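# A closer look at the structure
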Amino acid sequence: MSIGAEGPAAIGMQELLEGPVGGGALAAGRRPGRWRWWRITILVLAAIFFLGPLAAAFKFSLVLQNGSYGLSNYGQIISNSAIRGALVTSLEIAGIAAVVVVALMLPTIVWVRLRRPQLTLLMEGVTLLPIVIPPVVMAAGLEELQQHAPQWMINLVFNHALTGLTPFYVILAMPFTYRALDNGVRSIDLRTLVDASRNLGGSWFQTLVRVILPNVESAVLGAMFLTIALCLGEVVISTLLLYTTFPVKMVAVRLEGDVGTSVALSIITLVFTFLLLFLLSLAARRRRGASSARVI
């Protein structure tokens, strides 16, 4: 009787898990094919949506001013000293802004999480202000400040694009970097790591650099990537403050009638951004692999 009682129960459980006999095999044979076609369709549509405009832009970037096709537009970034100088300026601003925003936000987030958790909502609200306030409003205020600033402030801040734009790009990047870093800090046992480091004699600086930073490395790299991408695409503030950055130079080249070169510079910026994201992801993956190997 026990065998007979267990047989139907076992068969019923098998039908619940795998479906009815015969029909389940038929459904199992149909579903993968149906989902496979849906996946292929979605991938093809996504490829057309994203790669189609890029292919059209690449073709347009090959058009020279005389109507022929060639790669001379891409060579402008090397042969044209004005474009090259604007690119170097933008890369310097992006690198400095990425380091500064991480150096400011990561200790602040750690301090709020450990000592003042009641200020979390205030921090989230403050870091949202650069998104709530349009960049053109900030640019108009900075332009007014630049025109009426004393001479010592002009010489100290507004005399060069590096000092005139970096602080404001740091502010614009706060909404993105704060959330990236905050998610990274939330994913680790922050209090245990800090207590262990402090009990072993580590200072706060050593704890931050040698304990917390390696554990949130992916979040830090993501925050830096977002800052660099923002700096390479911002054009409103730099235009109103009369600084020649790489995005401003692309617009200027377009207004001069050299549309092919402008599109070529845009594609170079896009490729550089994707390449930077790939390198940051690769560095983070190698670092995690090396850490796992040391633990083993």
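Note that this is a predicted model, so its numbers are computed, not measured. (Residues numbered from 1 in each chain as written. Predicted model: local features only at pLDDT ≥ 70, side-chain atom pairs only at ≥ 80, totals over all residues. Heavy atoms only, no water.)

### A few points about the packing of aromatic side chains
Per the counting criterion, the structure on display carries 2 aromatic pairs. An angle of 90° between the planes, with centres 5.1 Å apart, marks the rings of Phe49 and Phe50 as edge-to-face. Each member of the pair Phe49 and Phe50 is classed as exposed. (Phe/Tyr/Trp six-rings, centres within 6.5 Å; stacked < 30°, edge-to-face > 60°. Buried < 20%, exposed > 50% of the residue type's maximum accessible area, 1.4 Å probe, protein only.)

### A closer look at helix α11 (residues 217–231)
Along its 15 residues, α11 runs 21 Å from first to last C-alpha, staying within 8% of the 21 Å computed at 1.5 Å per residue. Listed in full, the buried residues belonging to α11 are Ala219, Val220, Leu221, Ala223, Phe225, Thr227, Ile228, Leu230 and Cys231. (Helix = DSSP H or I, 4+ residues; strand = E, 2+ residues; numbered from the N terminus. Expected span 1.5 Å × (residues − 1).)

### A word on a positive patch on the surface
A surface patch of positive charge is lined by Arg115, Arg116, Arg191 and Arg198. Inspection of the secondary structure assignment puts Arg198 in helix α9 (residues 190–199). The exposure class assigned to Arg198 is partly exposed, which follows from its relative accessible area of 36%. (Patch = residues over 30% accessible without salt bridge, like charges linked within 9 Å, V, L, I, M, F, W, Y side chains within 5 Å. Areas by Shrake-Rupley, 256 points an atom, 1.4 Å probe, with all protein chains shown as cover. Salt bridge = Lys/Arg side-chain N within 4 Å of Asp/Glu carboxyl O. Lys, Arg positive; Asp, Glu negative; His and termini not counted. Charge placed at Lys NZ, Arg CZ, Asp CG, Glu CD.)

### Considerations on the environment of Leu114
Relative to the elements of secondary structure, Leu114 occurs in helix α4 (residues 81–114). Accessibility expressed as a relative area gives 13% for Leu114, which makes it buried. With 76 residues separating them along the chain, Leu114 and Leu190 place their C-alpha atoms 7.9 Å apart. Apart from the residues within four sequence positions on either side, Leu114 is in contact with Leu190, Arg191, Val194 and Trp204. (Contact = heavy atoms within 4.5 Å.)

### Digging into a nonpolar patch on the surface
A cluster of nonpolar side chains, contributed by Leu122, Val126, Leu128, Leu129, Ile131, Val132, Ile133, Val136, Val137, Phe176, Leu226 and Val236, occupies part of the molecular surface with about 990 Å² of accessible area. Residue assignment for the nonpolar patch shows that the elements contributing at least two residues are α5 (120–132) and α6 (135–148). In this structure, Leu128 sits in helix α5.

### Here we look at the pattern of salt bridges
Scanning the model with the defined rule gives 3 salt bridges in all. Here Glu124 makes a salt bridge to Arg186, at a shortest N to O gap of 3.8 Å. Placement of Glu124 in helix α5 and of Arg186 in helix α8 (residues 161–186) is noted, with a sequence separation of 62 residues between them. Assessed through its relative accessible area of 25%, Glu124 is described here as partly exposed. Arg186 is paired through a salt bridge with Asp182; the nearest N and O atoms lie 2.7 Å apart.

### What to know about the confidence of the model for the protein
Scored by pLDDT, the protein comes out at a mean of 81, with 84% of its residues at no less than 70. Confidence scores differ between elements of the protein, with helix α1 (residues 2–18) showing the lowest mean pLDDT of 45 and α4 the highest of 92. Low confidence marks residues 1–29, where pLDDT is under 50. Its contacts with residues over four positions away, or in another chain, come to 6 contacts. (pLDDT = per-residue confidence, 0-100.)

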